[in-house]
Amino acid sequence: MLETIQPVEKKTAAPTRTIQVGKSKRPFFFLHGAWTGGTPLYCFTLARTLGRDQPFYGLDPYNVDGLDVPATLEDMAAAHIQAMRAIQPEGPYQLGGFCSGAFLSYEMARQLKEQGQEINFLLLVAPSNITDSLRRKRNIFNALGNLFHINRKQQLSLFLRLRHALRHIYRKILPPEDGRIEGFSTLLTLEPRLNMMFPPMEALYKDFPGLFPWLAADYKPHFLPENVTFIWAGDDLGAKPIWGSIEQKENSAVIPGPYMGLIDEHLHLLAEQLKVSLNRV
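Cut-offs and rules
- Residues numbered from 1 in each chain as written.
- Predicted model: local features only at pLDDT ≥ 70, side-chain atom pairs only at ≥ 80, totals over all residues.
- Heavy atoms only, no water.
- Helix = DSSP H or I, 4+ residues; strand = E, 2+ residues; numbered from the N terminus.
- Rg over C-alpha atoms; globule rule 2.2 N^0.38 Å.
- Buried < 20%, exposed > 50% of the residue type's maximum accessible area, 1.4 Å probe, protein only.
- Contact = heavy atoms within 4.5 Å.
- Pairing = 2+ DSSP bridges.
- Axes fitted to C-alpha atoms, helices over the stretch in contact; angles between N-to-C directions.
- Salt bridge = Lys/Arg side-chain N within 4 Å of Asp/Glu carboxyl O.
- Core = buried A, V, L, I, M, F, W, Y, C linked by side-chain atoms within 4.5 Å.
- Patch = residues over 30% accessible without salt bridge, like charges linked within 9 Å, V, L, I, M, F, W, Y side chains within 5 Å.
- Areas by Shrake-Rupley, 256 points an atom, 1.4 Å probe, with all protein chains shown as cover.
- Polar contact = N/O pair within 3.5 Å; in protein donor to acceptor, adjacent residues only side chain to side chain.
- Parallel < 35°, antiparallel > 145°, perpendicular 65-115°, else oblique.
- Nonpolar A, V, L, I, M, F, W, Y, C, P; charged D, E, K, R; others polar.
- Phe/Tyr/Trp six-rings, centres within 6.5 Å; stacked < 30°, edge-to-face > 60°.
- Lys NZ or Arg CZ within 6 Å of the ring centre and 35° of its normal.

**Some words on the overall build of the chain**
Assigned secondary structure in the chain consists of 9 helices and 9 strands. Against the globule reference of 19 Å for 281 residues, the chain gives a C-alpha radius of gyration of 19 Å, in line with a compact fold. Each of the three principal axes of the chain carries a C-alpha extent, and together these read 55 × 40 × 35 Å. Taking all 281 residues of the chain together, the buried fraction comes to 53%. Considering only residue pairs separated by 6 or more positions, the chain has 72% of its internal contacts joining residues 24 or more positions apart.

Below you can see the structure in the form of structure tokens.
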């Protein structure tokens, strides 16, 4: 579990945290991907490594509190853009993200480009690996939806309910460290109603590890950024082929170990690589 600093600001759809005020440089906006709440400590290490002159803002995962209709991935990106432009109204922009945040920062860059804004640095750190199995499940749900006239919201509800019911059963028969239920105790601290086999949908929407992959499984990179940098974890390159058409090999780096190691034991390597990449702009 990521160690975090708890937020003090009022919750909004797309909260923004000031990690480092900085001075003369353009701000860097980073979607840290820590769905457990608060700002992860690794963001402060990244900011310090970039130097005190570099403004650094952390963008929290989209807040689903009070939603009765789930947001799309595009909706989430649009909310983050609104929060970012409240700080920096016009480009050029420098932004990036880790894991699910990398996915969203890519979509933010696409929308900003459509709005006529310039992106002079886009950093994608170990983008979430949306597996072929999940994509096939999403395609099956889409096909059944078309056949039986089930809309996207109803498809998502069915997917989340089936996933949660299976996980409820797994919790009875599997050891706590099994990957299919690992981290469930953290979810319960965020939403205790998930302890039920059939919780209300607004509770299931807070299951970010289930909600986000569903949204991303139907998303295909279709925009070619001009200034994109990838940083991969050497043990987790499963998502690399998905991004092959937009990856600029000369701007890519691979750091040894698993993807969580990027923000743990190899954080210093990630921080130095970010500094090199950003200084190259």
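**Points about the pairing of strand 9 (residues 252-255)**
Judged by which residues are buried, strand 9 turns out to be one-sided: Ala-253 and Ile-255 face inward and are buried, whereas Ser-252 and Val-254, on the alternate face, are not. Direction of pairing for strand 8 (residues 228-233) relative to strand 9: parallel, over a ladder of 4 bridges. Counterpart to Trp-232 in the pairing with strand 9 is Val-254.

**What about unusual backbone geometry?**
That bond from Gly-91 to Pro-92 is cis: its omega, 5°, falls within 30 degrees of zero. As for its position among the elements, Pro-92 is in the loop between helix 2 (73-87) and strand 6 (93-98). If you check the backbone angles, Ala-126 has positive phi at about 45° while not being a glycine. Locating Ala-126 in the fold gives a position in the loop between strand 7 (119-125) and helix 4 (132-148). With a phi angle near 55°, His-149 is a residue other than glycine that sits in the positive phi range. Tracing the backbone through its elements, the reader meets His-149 in the loop between helix 4 and helix 5 (152-173).

**Here's the deal with the sheet that holds strand 3 (residues 28-31)**
Strand order in the open sheet formed by 7 strands is 2-5-3-6-7-8-9, and the pairing between neighbours is mixed. The sheet terminates laterally at strand 2 (16-20) and strand 9, the two strands that pair on one side only. Across the sheet, the mean angle from the axis of one strand to that of its neighbour is 20°, orientation sign disregarded. Summarising the sheet, strand 3 and strand 6 pair through 3 bridges and their orientation is parallel. Bridging from a neighbouring strand, Phe-29 pairs with Leu-95 of strand 6. Contacting strand 2, strand 3, strand 5 (56-59) and strand 6, helix 1 (residues 42-50) runs over the sheet at an angle of about 45° to strand 2. Helix 9 (residues 267-279) contacts strand 3, strand 6, strand 7, strand 8 and strand 9 of the sheet and is inclined by roughly 160° relative to strand 7.

**Details of the pattern of salt bridges**
Taken as a whole and judged by the stated rule, the model has 14 salt bridges. In this structure, the salt-bridge partner of Glu-114 is Arg-110, at a minimum N-O distance of 2.9 Å. With Glu-114 and Arg-110 both in helix 3 (residues 100-114) and 4 residues apart, the pair spans about one turn of that helix. Among the ionic contacts, a cluster of salt bridges with common partners joins Glu-191, Arg-193, Glu-202 and Lys-206.

**A look at the nonpolar core**
Counting residues in each nonpolar core, the largest one holds 55 residues, and the members touching the most others are Leu-73, Phe-103, Tyr-106, Met-108, Leu-122, Leu-124 and Trp-243. Here Leu-122 is in contact with Leu-95, Ser-105, Tyr-106, Ala-109, Pro-225, Asn-227, Val-228 and Thr-229, once residues within four sequence places are set aside. Judged by nonpolar contacts, the second largest core, of 25 residues, contains Cys-99, Ile-255, Ile-263 and Leu-267.

**Thoughts on a nonpolar patch on the surface**
A surface patch of nonpolar side chains, amounting to about 420 Å² of accessible area, comprises Ile-140, Leu-144, Leu-147 and Phe-148. Positionally, Ile-140 belongs in helix 4.

**Topic: the side chain of Ser-105**
By secondary structure assignment, the location of Ser-105 is in helix 3. Take Ser-105: its relative accessible area is 0%, and that puts it in the buried class. A polar contact is formed between the side chain of Ser-105 and the backbone oxygen of Ala-102, at a distance of 2.9 Å.

**So, the packing of helix 4 against helix 8 (residues 208-217)**
Interhelical geometry of helix 4 versus helix 8 gives an angle of 75° and a closest axis separation of 9 Å. By the criterion of interaxial angle, the relationship of helix 4 to helix 8 is roughly perpendicular. Mapping the contact onto sequence places Leu-134, Arg-135, Arg-138 and Phe-141 in helix 4 and Pro-213, Trp-214, Leu-215, Ala-216 and Ala-217 in helix 8. Of the residues belonging to the contact of helix 4 with helix 8, the class tally is 7 nonpolar, no polar and 2 charged.

**Quick word on the packing of aromatic side chains**
The geometry of an aromatic ring pair comes down to the distance between the two centres and the angle between the two planes. Scanning the entire structure with this criterion turns up 20 aromatic pairs. Both rings, one in Phe-30 and one in Phe-56, keep their centres 6.2 Å apart while their planes meet at 45°; by these two values the pair is tilted. Pair noted here: Phe-30 is in strand 3 and Phe-56 is in strand 5, with a separation of 26 residues, a long-range link. For the pair shown, Phe-30 and Phe-56 are each scored as buried. Members of the aromatic cluster, joined through ring pairs, are Phe-103, Tyr-106, Phe-208, Phe-212, Tyr-219, Phe-223, Phe-230, Trp-232 and Trp-243. The ring of Trp-214 has Arg-138 sitting right over it, with the charged end atom 4.1 Å from the ring centre.

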